[in-house]
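Here is what each chain is made of, one letter per residue.
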Amino acid sequence: MNTTQINIHKKNLTFFLLLSLTTSIFLWYIPFSNQRYSLSSYPVIATFAGVLHIQTGCFMTMNYMSYRRKKYLLPLACAFYFSGVFLFLALYIYFYKNGLPGVIYNDIAVLYFMRNMLITGLFFATYYLYTFKNKKEKHGKTVIYATYLWCMLHLVMAILYSIRITPISFQLVDTETFEWLRPWRGSFIYVLIILWTCIVLLGAKLTRLKTQFWVSMSLVALSNLLSVIIMLKYTHIDSAGWYLARGLECLSAMAVMIVLMSDIFKRYKASRQAYELSYENSVRDPMTRLFNRGYFYNALSNEIKMTATHKPLSIVFCDIDFFKSVNDTWGHLQGDRVIIKLSEIMQRLSRRNDIVARIGGEEFAILLPETNADAAFNIAERIRKHVEQQTQATTKGDFPRIITISLGIVTSVDNRSAPEQLADCADRALYMAKNRGRNCVVAYSGEEV
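Owing to the predicted nature of the structure, the values given are computational and were not obtained by experimental measurement.

Asks: How do you make sense of the pattern of salt bridges when you look at a structure like this?
Replies: Pairs can form between side chains of opposite charge once their charged atoms are near each other. As enumerated under the stated definition, the model contains 15 salt bridges in all. As a salt-bridge pair, Lys324 and Asp328 come within 2.8 Å of each other at their nearest N and O atoms. Here Lys324 and its partner Asp328 are both found in helix α10 (residues 323–330), four residues apart, which amounts to about one turn of the helix. The two residues Lys324 and Asp328 agree in class, both being exposed.

Okay, structure coming up:
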């Protein structure tokens, strides 16, 4: 890793460790409450969490569709998809299964345990695929197929259990007192603690928490670990611990959703900037960064269409006098410096809405919207005089000698002329300026043609 990546890794790891420590201390030392709660608030929590998990799975799938090489996203997407499905199965049990509250509690607890086993397996598959993401791992497809099989196996078991077809019956909650029973308070809960602890440590080691995405995934693993640990404090399922655990799950899922949406906006911004840069490069001259010939004529055509009748429109054509002698005497690199410096001068002395373009080797054009002939002449003359006054010293060597320019102007009042016709008239005016001895401004008039 380079220095930047190491710094990011250290910051993310420090943030994650501090958050883990702070949250653990807060949740463990939060005042214990023996108060019991009814099932009435569970549907709201389960619905919110289920929708949030499925949405997160959708965003993760779209992320994978954008970057097919990130196969490790598939198990994570499945984890959130099927987590949401399990939560809706729990809602099905709550609303459509007739029975004592204790029986409903027990069924929800069984689905919770199955959901944890499903997600832990998918996290291990994710880290395996991430480890070999840059290698042609022959077992990669096998892991993905195993992931799908793992998901379908748990889903089928959950559905069969929900509709009471499976002959296997788990008793995790006392149906009368709502107290947690073994094996939940024995092997089950400690297996989950060990699995989630391994996932938290494995995630920090393998991903190095290099990105916000992996920080959010570690937060999901941490929230599940803390959820299981919290429930160790409470002996009954309808206690505050159950709802604290669900709240942690929702918060971690929201963190993932925020990170994924942030990534989408970052990609959109980068794509937008890349498009703007590509467009700029397509309409700009690479050397001078003035507009190019195509953009100038397109802008001229649009200006003619948009400008109201009887409003003047002027264009100026400009050419460097005896430019060939500069290339022949000082070389083409010096000639490029002359062109670049002249471009800067023309851009600086033009108005904000004027369009300055390089339309040839040493030829330039200026589009002057809503500018009459006198104003256009004054602008052109100001540019000509300023260029003539520049010396080798004032330009820091960009001009090896006194540089002069010739300029031709044409003004349209009725705006009925075609762009090519106006350009031809400006070119004729420029030709007349050269015939008059160069270093002058000539305005086109039909009588002189």
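Asks: I'm lost on the sheet that holds strand β2 (residues 355–358) in this one. Help?
Replies: Whether parallel or antiparallel, the strands of a sheet pair through hydrogen bonds between backbone atoms. Across the sheet, five strands lie side by side as β2-β3-β1-β4-β5; this open sheet has mixed pairing. The open sheet has two free edges, formed respectively by β2 and β5 (441–443), since each of these has just one partner strand. Each neighbouring strand pair of the sheet contributes to a mean axis angle of 20°, computed without reference to strand direction. Packed on one face of the sheet, helix α13 (residues 419–435) meets β1 (313–320), β4 (405–412) and β5 and runs near 145° to β4.

Asks: When you look at the nonpolar core in this model, what are you seeing that I'm missing?
Replies: When a protein is soluble and globular, its nonpolar side chains tend to lie buried together. Met60, Trp184 and Met217 are the most contacted members of the largest nonpolar core, which has 81 residues in total. Only α2 (42–66), α3 (73–96), α4 (101–131), α5 (140–162), α6 (184–207), α7 (212–233) and α8 (240–283) provide two or more residues apiece to this core. Counting residues per element, this core draws most heavily on α4, which supplies 17 residues. Not counting residues within four places of it along the chain, the set of residues in contact with Trp184 comprises Tyr112, Phe113, Leu172, Ile189, Leu192 and Met231. Membership of the second largest hydrophobic core comes to 27 residues, among which are Ile339, Leu342, Met346 and Leu407.

Asks: Please explain the packing of aromatic side chains as it appears in this structure.
Replies: The description of an aromatic ring pair rests on the distance of the ring centres and on the angle between the ring planes. Evaluation of the coordinates by the stated rule reveals 18 aromatic pairs. Ring geometry for Tyr127 against Trp214: centres 6.1 Å apart, planes inclined by 40°, an arrangement best described as tilted. Residue Tyr127 is located in helix α4, and its partner Trp214 is located in helix α7; the two are separated by 87 residues in the primary sequence. Its end group placed over the ring of Phe322, Arg438 keeps NZ or CZ at 4.5 Å from the ring centre.

Asks: What exactly am I supposed to notice about the packing of α4 against α7 here?
Replies: The geometry of a pair of packed helices is captured by two quantities: the angle between their axes and the separation between those axes. Contact geometry for α4 and α7: axes closest at 12 Å, N-to-C directions at 150°. Our classification of the angle between α4 and α7 gives roughly antiparallel. Relative to α7, the crossing made by α4 is left-handed. Of the residues in α7, those in contact with Tyr112, Asn116, Phe123, Thr126, Tyr127 and Tyr130 of α4 are Trp214, Met217, Val220, Asn224, Ser227, Val228 and Met231. Here the residues of the contact of α4 with α7 sort into nine nonpolar, four polar and no charged.

Asks: I'm lost on α2 in this one. Help?
Replies: In a regular helix each residue adds 1.5 Å, so 25 residues correspond to 36 Å; α2 covers 36 Å between its end C-alpha atoms and thus fits that length. For α2, the full list of buried residues reads Tyr42, Pro43, Ala46, Ala49, Gly50, Leu52, His53, Thr56, Gly57, Met60, Asn63 and Tyr64. Looking at the buried residues of α2, the elements they touch are α3, α4, α7 and α8.

Asks: How should I be thinking about the environment of Tyr127 in this particular structure?
Replies: Overall, the relative accessible area of 2% leaves Tyr127 in the buried class. Dropping the residues within four chain positions of it, Tyr127 is found in contact with Ile199, Leu202, Gly203, Leu206, Thr207 and Trp214.

Asks: Explanation requested: the side chain of Arg115 in the structure shown.
Replies: With respect to the element layout, Arg115 can be found in helix α4. The residues touching Arg115, leaving out its near neighbours within four places in the chain, are His53, Ser83, Phe86, Leu87, Arg246 and Glu249.

Asks: I would appreciate a short explanation of the pairing of strand β3 (residues 363–369) in the present structure.
Replies: Along any regular strand the residues' side chains alternate between the sheet's two faces. Most of β3 sits out of view: six of its seven residues are buried. Here β2 folds back onto β3 in antiparallel fashion, the turn holding four residues.

Asks: How should I be thinking about the state of the cysteines in this particular structure?
Replies: Such a bond, covalent and formed between the sulfur atoms of two cysteines, is termed a disulfide. Counting across every chain of the model gives zero disulfides. Here Cys440 is not cross-linked by a disulfide; its sulfur's nearest cysteine counterpart is in Cys318, at 11 Å.

Asks: How should the environment of Leu232 be read in this particular structure?
Replies: Mapped onto the secondary structure, Leu232 falls in helix α7. Accessibility expressed as a relative area gives 22% for Leu232, which makes it partly exposed. Along the sequence, Leu232 and Arg384 sit 152 residues apart, while their C-alpha atoms lie 86 Å from each other. In this view, Leu232 contacts Arg185, Ile189, Tyr190 and Ile193; residues no more than four positions away in its chain are not counted.

Asks: Could you clarify how one ought to interpret unusual backbone geometry in this entry?
Replies: Negative phi is the rule for most residues except glycine; trans is the rule for most peptide bonds. With omega at 15°, the peptide bond leading from Arg182 into Pro183 counts as cis. Mapped onto the elements, Pro183 comes out in the loop between α5 and α6. The backbone phi angle of Phe178 is positive, close to 65°, even though this residue is not glycine. For Phe178, the location among the structural elements is in the loop between α5 and α6. Unusually for a residue other than glycine, Arg289 sits at a positive phi of about 65°. Mapped onto the secondary structure, Arg289 falls in the loop between α8 and α9 (293–306).

Here is what the cut-offs are and how they apply
- Residues numbered from 1 in each chain as written.
- Predicted model: local features only at pLDDT ≥ 70, side-chain atom pairs only at ≥ 80, totals over all residues.
- Heavy atoms only, no water.
- Salt bridge = Lys/Arg side-chain N within 4 Å of Asp/Glu carboxyl O.
- Helix = DSSP H or I, 4+ residues; strand = E, 2+ residues; numbered from the N terminus.
- Buried < 20%, exposed > 50% of the residue type's maximum accessible area, 1.4 Å probe, protein only.
- Pairing = 2+ DSSP bridges.
- Axes fitted to C-alpha atoms, helices over the stretch in contact; angles between N-to-C directions.
- Contact = heavy atoms within 4.5 Å.
- Core = buried A, V, L, I, M, F, W, Y, C linked by side-chain atoms within 4.5 Å.
- Phe/Tyr/Trp six-rings, centres within 6.5 Å; stacked < 30°, edge-to-face > 60°.
- Lys NZ or Arg CZ within 6 Å of the ring centre and 35° of its normal.
- Parallel < 35°, antiparallel > 145°, perpendicular 65-115°, else oblique.
- Left-handed = near helix turned anticlockwise from the far one by under 90°.
- Nonpolar A, V, L, I, M, F, W, Y, C, P; charged D, E, K, R; others polar.
- Expected span 1.5 Å × (residues − 1).
- Disulfide = S-S within 2.5 Å.

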